[in-house]
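# Structural overview for review
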Amino acid sequence: MTMPLRRLPRTAAATLVTLAALTTAAHSAVAADTLGSAAAGQGRYFGTAVAANHLGEADYTATLDREFTSATPENEMKWDATEPGRGTFTFGAADRVVDHARSRGADVRGHTLVWHSQLPSWVGALGAPDLRAAMNTHINGLMGHYKGQIHSWDVVNEAFQDGGSGARRSSPFQDRLGDGFIEEAFRTARAADPAAKLCYNDYNTDGVNAKSNAVHAMVKDFKSRGVPIDCVGFQSHFNSASPVPADYRQNLQRFADLGVDVQITELDIEGSGSAQAAAYTRVVEACLAVARCTGITVWGVTDKYSWRSGGTPLLFDGDYRKKPAYDAVLAALGGSGDPDGPGDPGGPAVTCTAAYTRTADWSSGYNGQVTITAGAAPVSSWTATVTVPAPQSVSSVWNGTPSRAGDVMTVRPSWNGTLAAGTSTTFGFTVVKNGSSAAPTVGGCTAS
Ligand code: 9MR
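Everything in this summary refers to the structure shown in the same document. (Residues numbered from 1 in each chain as written. Predicted model: local features only at pLDDT ≥ 70, side-chain atom pairs only at ≥ 80, totals over all residues. Heavy atoms only, no water.)

### Some points on the pattern of salt bridges
The final tally for this structure, using the stated rule, is 22 salt bridges. Taking the shortest distance from any N to any O, the salt bridge between K197 and D261 comes out at 3.4 Å. Here D261 lies in strand β8 (residues 261-269) and K197 lies in strand β5 (residues 197-202), a separation of 64 residues in the sequence. You can call K197 partly exposed: its relative accessible area is 30%. We note a salt bridge from D261 to R292, for which the minimum N-O separation is 2.9 Å. Residue D261 is located in strand β8, and its partner R292 is located in the loop between α12 (273-289) and β9 (293-298); the two are separated by 31 residues in the primary sequence. Classification of R292 as partly exposed rests on a relative accessible area of 32%. (Salt bridge = Lys/Arg side-chain N within 4 Å of Asp/Glu carboxyl O. Helix = DSSP H or I, 4+ residues; strand = E, 2+ residues; numbered from the N terminus. Buried < 20%, exposed > 50% of the residue type's maximum accessible area, 1.4 Å probe, protein only.)

### Here we look at unusual backbone geometry
Note the cis peptide between H111 and T112, where omega equals -5°. Cis rather than trans, the peptide bond between A390 and P391 has omega equal to 5°. In this structure, P391 sits in the loop between β12 (382-387) and β13 (393-398). Its identity is not glycine, yet Q118 carries a phi of approximately 50°, on the positive side. Summarising the element assignment, Q118 is placed in the loop between β3 (107-114) and α6 (121-124). A residue is classified by how much of its surface remains accessible, and Q118, at 25% relative accessible area, is partly exposed. Of note in the backbone geometry, N399 takes a positive phi value of approximately 60° without being a glycine.

### Regarding the site of the ligand
Surveying the vicinity of the ligand reveals 14 residues, the closest of which are E74, K78, H111, E266 and W299. N75 places a side-chain nitrogen or oxygen 2.9 Å from an oxygen atom of the ligand. Residue E158 places a side-chain N or O atom 2.9 Å away from a nitrogen atom belonging to the ligand. In the complex, the protein chains occlude 75% of the 450 Å² of accessible area that the ligand would expose alone. Looking at the shell around the ligand, its residues break down into 3 nonpolar, 7 polar and 4 charged. (Near = heavy atom within 4 Å. Polar contact = N/O pair within 3.5 Å; in protein donor to acceptor, adjacent residues only side chain to side chain. Areas by Shrake-Rupley, 256 points an atom, 1.4 Å probe, with all protein chains shown as cover. Nonpolar A, V, L, I, M, F, W, Y, C, P; charged D, E, K, R; others polar.)

### A word on empty space enclosed by the protein
Inspection of every chain in the model, using the stated rule, returns 2 cavities of 30 Å³ or more. Each pocket or cavity is described by its volume, and for the largest cavity that value is around 70 Å³. If you trace the largest cavity, you find it lined by V114, W115, H116, V156, N157, E158, A159, R169, S171, F173, Q174 and F181. Those elements that place two or more of their residues in the lining of the largest cavity are β4 (152-157) and α8 (172-177). Residue composition of the lining of the largest cavity, grouped by class: 6 nonpolar, 4 polar and 2 charged. Quantified by volume, the second largest cavity comes out at close to 40 Å³. Around the second largest cavity, the lining residues are K78, W79, T112, L113, V114, W115, S117, Q118 and L119. No other element matches β3, which puts 3 residues into the lining of the second largest cavity. For the lining of the second largest cavity, a count of residues per class yields 5 nonpolar, 3 polar and 1 charged. (1 Å grid on protein atoms, 1.4 Å probe; cavity = no way out; pocket = protein on both sides within 12 Å on 5 of 7 lines; lining within 4 Å. Points joined across faces, edges and corners; volume = space filled by probe spheres on them.)

So this is what it looks like as structure tokens:
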């Protein structure tokens, strides 16, 4: 019999409350503290693109192995890498990625079988019958080699044009074999490895637009005719010119409603700090809101090896430090927050202090000096604020680069802001007193 809580004796009600509190405490005590474990708690994988030539770098593999539960070879499975000459298959680099991932229990996304880019020139030179045979041989060659080892294959990649036409992109396959090449590739793929999920993968299809409408129509047609397709990949390469679309979740949902899984396959978002973190949060929340969104892959481990490294689009900086975007993704996945705050991989917090002294004083002015000292962790950059009281004004700054907002001058390093743990640097400035000799206010130091 179930009793309403208000009728329980006082002691029983108190016990229930205590148990609830204990359950909550126990839950937070075991909260996941990596991307992969937090995503697993949501029934999803969290993957990354992996480049075989970085696997020898200790920080790269340590971060990869700690955080990610899926790997996508970034270039190693593409046609130019795997079948550079007709019928000559080379799997060495791709094998290294697959073996590394699988030996640690991670899944592998196969990327990609039929794509207009990174295609050896011999393919483009074939006439229709030969090209059809070569396409099927290529699919069978790769899927056969990795049979049973691949979670999902990007069978066909980027087959639609950008813009409003909704048309297929010109490629040797499209131009010689016509629309039917996509269907044929999927049918060949199903027979080659029936255990692998078969995906169509594209970019600029992340929101509802002419291109995603065309892909949607194709998937709908495939499902209605029994053409084998299991998933659609949304690359999700975002920047200020191409931000996370407002209808991102709705777009994922309408594909899921066709009866396919959806996967975020190449996520990266240019930017930094809280704006980048907020955009990443939106992507993760959209995936979690769509039951058939089965996982997220970011397009690289560290900003320094990103295909768009200048845009710092990933979750770890060039020194493998967790960025605010990392903390945001982990939190959105329901993982435990980073106790040391953004920018720290689990060691001491990245902090600095700013100490002010007046180093010279004369009737009409004075010189101030600020000493910036790194805390227990190394610092890659810092800022400090200086506010001089009216009617004083700052006439020059050295060893630092100032920017001003009202009375507040924010000073950054002029060159490299790197400081080893516990070490110091200084900047200085000259103030025109204009009748006041009062001391400036030197604000807190921020470090990253
Ligand atoms: O990240 C890949 C980069 O190293 C290659 O130079 C580039 C060549 O085309 O491909 C990049 O990956 C692409 C992916 O395979 C398909 N979607 C777009 C990706 C970014 O260009």
